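Each chain is listed here by its residues.
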Amino acid sequence: MKPYQQLPIEFSILKQREFEQIRQFLYEEAGIFLSDIKKSLVASRLCKRLKETGYQNYGDYFEFVKNNLQHIEYHHFIDALTTNETFFFRENEHFDFVKQLIKDHSQKKSWQAWSAACSSGEEAYSLAMLFADILGIDGQWQVQGSDISQRVLAKAELAHYLLERNEGIGFERLQKYCLKGVGRQSGTFLIDDRLKNKVSFFTMNLTQSCESVGMCDVIFIRNVMIYFDADSKQRVINNVVKQLKVGGYLFISHTESLMHVNHRLKQIKPSIYQRI
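Residue numbers here run from 1 along each chain, matching the order of that chain's written sequence. Reporting of local features is limited, given that this is a predicted model, to residues whose pLDDT is at least 70; pairs of side-chain atoms are given and counted only at 80 or more, and all residues count toward the totals for whole chains, interfaces and linings. To obtain the side-chain values, all non-hydrogen atoms of the structure were used and water was disregarded.

Caption draft 1: Region of interest: the environment of L130. Secondary structure follows DSSP: runs of H or I at least 4 residues long count as helices, runs of E at least 2 residues long count as strands, and numbering of each begins at the N terminus. By the element assignment, L130 lies in helix α6 (residues 122-135). Accessibility here uses a 1.4 Å probe with only protein chains present; expressed as a share of the type maximum, an area under 20% marks a residue as buried, one over 50% as exposed, and anything in between as partly exposed. The class of L130 is buried, set by a relative accessible area of 2%. Separated by 41 residues in the primary sequence, L130 and F89 have C-alpha atoms spaced 9.6 Å apart. Leave out the neighbours within four places in its chain, and L130 touches F95, V98, K99 and R173. By definition in these notes, contact holds between two residues if any of their heavy atoms fall within 4.5 Å.

Listed below in C-alpha cells is the structure:
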C-alpha cells in the first residue's frame, strides 16, 4: 500500500465507470447487487479507505484491491460495502418458535444452529441464550455464526457490547449470561465465557459452498437476501438449504421472501420454512 498522504481538496468524485466496475466486482465476489442509487453511498464509504491508504482516486484504489485479493485491504473493501445491523432477539417471534421447538423435542440428543449472516454476533448469542435456557448451558447444543465481514466477526468473537444494546435480552438473562462492565468498562456488558464457548464464528461467503458448516437443525438467514438479486438469492438458498437437516427449520426476515426461488422447503409460517 502507499504511505499515508494528505488528499487534495478536489478529491472526491467517483466516476460512473469506476462505480460500475466496483459494483460488478462486489457482485462477483459476494453476490451483493448495488443499484444506481447506491453510487453516493459507495463513494462515501470508500472515501474513508482512500484516506487511510493514501490513494487519490477510486480507480487506482480499486485496481489495487482487485489485483491483491489476499491483502488485508480486500477485506476492508468488502467490510466498507456491506451493511451490518442487528440486535439481540430481533424479530422475537422466531425465537418463540425455536423455544417451543426445543421444548417439543427435549429428548433430542443434540442440536446444531447456524446464524448464517450473524454480523456482530447478537443473533448467534440470542440463540445460545435460548438453548441454555431450556437445555442448560452445558447441554448438547452448539451455535455457529458466519459473516462475510471480518470486521463484524471480530466484534462477535469479542462479545463485548454497549449496555444500551441489551434491549430484548431481559434482566434474568443478563444476570445469567452476561457480565456488567465496571470502571473503564462502565456502560458495557460482556457475554460470559461459559455461554461464549458454545458459540463459534467464521468467515463465510454464502454464494459459495457452505459444506464446512455441517448439518443443522435450525438456520437463521435473515436481513441479508435483500442485498441479492434473483440469481444470487437462488445460489445462496441452494447452498444454505444443503446444510439443513430434513425436518430442520429455516428462518428468513419478515421483510424478505422466497418467492420465485426454487427450494425444497415447506412454508410453516410467514418467514419460517421446514425442509421436507
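Caption draft 2: Seen up close, the sheet that holds strand β4 (residues 178-180). Two strands pair if DSSP finds at least two bridges between them. Taken in spatial order, the three strands line up as β3-β5-β4 in an open sheet, and their pairing is antiparallel. With one partner strand each, in any of the chains shown, β3 (160-162) and β4 form the two edges of the open sheet. In this sheet, adjacent strand axes meet at a mean angle of 30° when their direction is disregarded. Sheet topology note: the β3/strand β5 (residues 188-191) ladder contains three bridges and is antiparallel. The residue of β5 that forms the bridge with L162 is T188. Interaxial angle, 0 to 180 degrees, is taken between N-to-C directions of lines fitted to C-alpha atoms, where a helix line uses only the stretch in contact.

Caption draft 3: Region of the structure containing helix α2 (residues 39-53). Every helix has an expected span of 1.5 Å times one less than the residues it contains. Over its 15 residues, α2 runs 21 Å from end to end, which matches the ideal 21 Å to within 8%, given 1.5 Å per residue. To get the bend at a given residue, fit one axis to the seven residues ending there, fit another to the seven starting there, and take the angle between those axes. Maximum bend of α2: about 25°, positioned at L46. Those residues of α2 that are buried lie in contact with α1 (16-30), α3 (58-67) and α4 (72-81). Looking one or two places after α2, you find G54, whose phi comes out positive at around 90°.

Caption draft 4: Looking closely at the pattern of salt bridges. Salt bridge, as used here: a side-chain nitrogen of Lys or Arg that lies within 4 Å of a carboxyl oxygen of Asp or Glu. In this structure the tally under the stated criterion is 10 salt bridges. For R49, the salt bridge is made with E73, and the minimal N-O distance between the two is 2.8 Å. Taken together, the residues span a long stretch of sequence, with R49 in helix α2 and E73 in helix α4 at a distance of 24 residues. The salt bridge involving R173 is made with D133; its shortest N-O contact spans 2.7 Å. Taken together, the residues span a long stretch of sequence, with R173 in helix α8 (residues 171-177) and D133 in helix α6 at a distance of 40 residues. R173 gets classed as buried once you look at its relative accessible area, which sits at 17%. On the accessibility criterion, D133 (31% relative accessible area) is partly exposed. Connected through shared salt-bridge partners, K108, D217 and K245 make up one network.

Caption draft 5: Spotlight on the sheet that holds strand β8 (residues 244-251). In spatial order, the strands read β6-β2-β1-β7-β8-β10-β9; together these seven strands make up an open sheet with mixed pairing. Edge positions in the sheet fall to β6 (199-203) and β9 (265-269), since each of these pairs with one other strand and no more. Taken over all neighbouring pairs, the strand axes of this sheet differ in orientation by 20° on average, direction set aside. Looking at chain direction, strand β7 (residues 216-220) and β8 are connected through four bridges and run parallel. Looking at the pairing, I219 lines up with L250 of β8. With respect to the sheet, α6 is in contact with β1 (111-115), β2 (141-147), β6 and β7, its orientation differing from that of β2 by roughly 175°.

Caption draft 6: Representation of the state of the cysteines in the model. Cysteine sulfur atoms that come within 2.5 Å of each other are treated as a disulfide pair. What the rule picks out here adds up to zero disulfides. C118 carries a free sulfur, and the closest cysteine sulfur to it, the one in C210, is 13 Å from it. Judged by its relative accessible area of 1%, C118 falls in the buried class. In this structure C216 is not part of a disulfide, and its nearest cysteine sulfur, from C210, lies 9.8 Å away. The exposure class assigned to C216 is buried, which follows from its relative accessible area of 0%.

Caption draft 7: Representation of the side chain of R275. Tracing the chain through its elements places R275 in strand β10 (residues 272-275). Buried charged residue R275 carries no salt bridge. Nearest counter-charge: E211, at 11 Å. Only 2.9 Å separates the side chain of R275 from the backbone oxygen of V241, close enough to count as a polar contact. Two N or O atoms form a polar contact when they lie within 3.5 Å of each other; inside protein one atom must be a possible hydrogen donor and the other a possible acceptor, and for residues adjacent in sequence the pair counts only when both atoms belong to side chains. A polar atom in the side chain of R275 sits 2.8 Å from the backbone oxygen of L244. Dropping the residues within four chain positions of it, R275 is found in contact with M215, V241, K242, L244, K245, V246, G247, G248, R264 and L265. Two residue types count as positive, namely Lys and Arg, and two as negative, namely Asp and Glu; His and chain ends fall outside the count.

Everything listed here is a matter of geometry and, on its own, says nothing about what the molecule does.
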